[in-house]
Amino acid sequence: MIKRIAGFTQHYAWGGFNFLPKLLGIDNKEQKPFAELWFGDHTGGNSPITDEHEGQMTLRQYIDSDSLSLLGETSCENYAGRLPILLKILDVRKMLSIQAHPSKEAAVIGFMEENKKQIALNAPERVFKDQNPKPEMMVALTPFWLLHGFLPSEKAAENLEKISSLNTYSSIFKTEGIKNGYQRWMELPQEEVDACLKPLKDRLTQLSEIDLNKSSPDYWAKKAFNEFPSKDGHLDRGIFSIYVMNIVHLQPGEAIFQDAGLLHAYLEGINIELMVNSDNVFRGGLTDKYLDIPLLLNHLDFRPTIPNIIIPLEENSKEKRFIIPSKDFELVTYLLKKGEDLHLSPAEGPNLLLCLKGSVSASGLILKAGEAFFIPNKTPVNLLQEGVDEAILYKAGIPQL
């Protein structure tokens, strides 16, 4: 019952030009951006099934044919017959928007309220596209930089104190805390945002990259000014957030988890990302998309964040498991050397098995790098490494109780 699926490529402008084309065996002479590769049944990127006898069937169509059996009762009920998870590979060449995501309770309420207002699901101002939360985890495949949660108010104030045009907000962070400081800034009229940020832009423009390093907020602010030039002459208020958030540097193999309400943004690098199958996003800048500031402020977690960099736990010579504080999904990675096999026991709920390097075989199917298996509920799988290269695999699924 397992099915081999291809990823759905997203060509967002911020994507890289080389990693995903090389993984997929594509000659990208046109230098088209390859930003994300999605594995799942998401409406914005539905994976095609590549088994020859299946014709043009997609994973969504296959699941619809018998969702209760393929997903299991719990997943089918909790996610309305949809795959609970979405697995991605991202190549971040340019900075992504600053954002956060809702809890389950907030998603249900927000979805119903926007339905009552008759806001179309595809409307630019629609925030709640579904009733699901959207916790996320990511594993770095290359050195990876991101913004991850708020700094302690004292450290945020210290960063702002160094910028003459933002001194006022330094004292607010110091005396009134993160929430009041951030709210004051996000609610500023655009003209005042421009007045505060223009002196910073002028100063950073005069500095070369040699003068800055990536652990400094100045480096990313300079990059943001370059990558988000305003069409109407205004400056992006999201640049302020760079000075009051943690700048995190992950090494290949390290992971991080981002729960509901945590403000974050991907800055640079290549990763594997696993999330609940959802489209619900609150944006806080570095974007030309719709910003609902009151909604963002209402759902943010303003507690200072101490980044928890996750090192996978080695179960045995083949398996490493990422331990995260979530009951929504789990991620395991496998390394199969030449000729090695692996038995995956039946699991409650569906799984996705992504091949990142090499190839494996199972049930008469060969899985190559850049492809994935969809493994239905309670389906055992016997894998065998194929070819010269060792096989590197990532299995995403639902935690087993």
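The structure under discussion appears in the preceding block.
All of these numbers come straight from a predicted model, not from anything done at the bench. Numbering of residues starts from 1 in each chain and follows the order in which that chain's sequence is written. Under the rules for a predicted model, residues below a pLDDT of 70 receive no local features and side-chain atom pairs below 80 are neither given nor counted, while totals for whole chains, interfaces and linings still include all residues. The basis for every side-chain value is the complete set of non-hydrogen atoms in the structure, without hydrogens or water.

Caption draft 1: Local environment of the packing of aromatic side chains. Pairing of aromatic side chains here covers Phe, Tyr and the six-membered ring of Trp, requires ring centres within 6.5 Å, and sorts the geometry by plane angle: under 30 degrees stacked, over 60 edge-to-face, intermediate tilted. Tallied over the entire structure, the rule returns 14 aromatic pairs. A ring pair is formed by Tyr-169 and Trp-185, whose centres lie 5.4 Å apart and whose planes are at 90 degrees; its orientation type is edge-to-face. Comparing Tyr-169 with Trp-185 shows no difference in burial state: the two are buried. Taken together, the ring pairs in this structure connect Tyr-169, Phe-173, Trp-185 and Phe-240 into an aromatic cluster. Only protein chains enter the accessibility calculation, which uses a 1.4 Å probe; a residue whose area is less than 20% of its type maximum is buried, one above 50% is exposed, and one in between is partly exposed.

Caption draft 2: Seen up close, the sheet that holds strand 15 (residues 319-322). Pairing between strands is defined by DSSP: at least two bridges between the two strands are required. Helical segments are the DSSP runs of H or I of at least four residues, strand segments are the runs of E of at least two, and each set is numbered from the N terminus. Taken in spatial order, the 7 strands make up an open sheet running 1-21-18-23-16-15-14, and their pairing is antiparallel. With one partner strand each, in any of the chains shown, strand 1 (3-6) and strand 14 (313-314) form the two edges of the open sheet. Two elements, strand 1 and strand 21 (residues 371-375), share 4 bridges in a ladder whose sense is antiparallel. Residue Ala-6 lies in a different strand from strand 21, and its bridge partner there is Glu-371.

Caption draft 3: Region of interest: the sheet that holds strand 17 (residues 341-344). Within the open sheet, the 4 strands sit side by side as 17-22-19-20. Their pairing is antiparallel. This sheet does not close on itself; its edge strands, each paired only once, are strand 17 and strand 20 (365-368). If you compare each strand with its neighbour and ignore which way they point, the axes differ by 25 degrees on average. A fitted line through C-alpha atoms represents every axis, and for helices the fit uses only the stretch in contact; the resulting angles, taken between N-to-C directions, go from 0 to 180 degrees.

Caption draft 4: Up close: the pairing of strand 15. Pairing between strand 14 and strand 15: 2 bridges, direction antiparallel. Following the sheet pairing, Leu-313 is matched in strand 15 by Arg-321. Remark: 4 residues form the turn of the hairpin made by strand 14 and strand 15, two consecutive strands paired antiparallel. Of the pairings in the sheet, the one linking strand 15 to strand 16 (residues 330-336) comprises 4 bridges and is antiparallel in character. Bridge pairing in strand 16 places Arg-321 opposite Val-332.

Caption draft 5: Spatial organisation of the layout of surface pockets. Using a grid of 1 Å spacing that covers the protein atoms alone, one calls a set of points a cavity when a 1.4 Å probe fits there but cannot get out, and a pocket when the set is open and has protein on both sides within 12 Å along at least five of seven lines; lining residues are those with an atom within 4 Å of a point. Grid points are joined across faces, edges and corners, and a volume is the space filled by probe spheres set on the points. Quantified by volume, the second largest pocket comes out at close to 450 Å³. Contributing to the lining of the second largest pocket are 18 residues, with Thr-74, Ser-75, Asn-78, Ile-398 and Pro-399 lying nearest its centre. Ranked by residue count, the leading element in the lining of the second largest pocket is helix 4 (residues 73-78), at 4 residues. Gly is placed with the polar residues, together with every amino acid not listed as nonpolar (Ala, Val, Leu, Ile, Met, Phe, Trp, Tyr, Cys and Pro) or charged (Asp, Glu, Lys and Arg). Each residue belonging to the lining of the second largest pocket can be placed in one class, and the counts come to 5 nonpolar, 8 polar and 5 charged.

Caption draft 6: Region of the structure containing the side chain of Asn-46. The topology assignment puts Asn-46 in strand 5 (residues 45-46). Here a polar contact is taken to be a pair of N or O atoms separated by no more than 3.5 Å, where protein atoms must pair a possible hydrogen donor with a possible acceptor and residues adjacent in sequence count only if both atoms sit in side chains. A polar contact is formed between the side chain of Asn-46 and the backbone nitrogen of Arg-60, at a distance of 3.2 Å. We call two residues contacting when some pair of their heavy atoms lies within 4.5 Å. Once residues lying within four places of it in the same chain are set aside, the contact partners of Asn-46 are Phe-8, Gly-40, Asp-41, Thr-58, Leu-59 and Arg-60.

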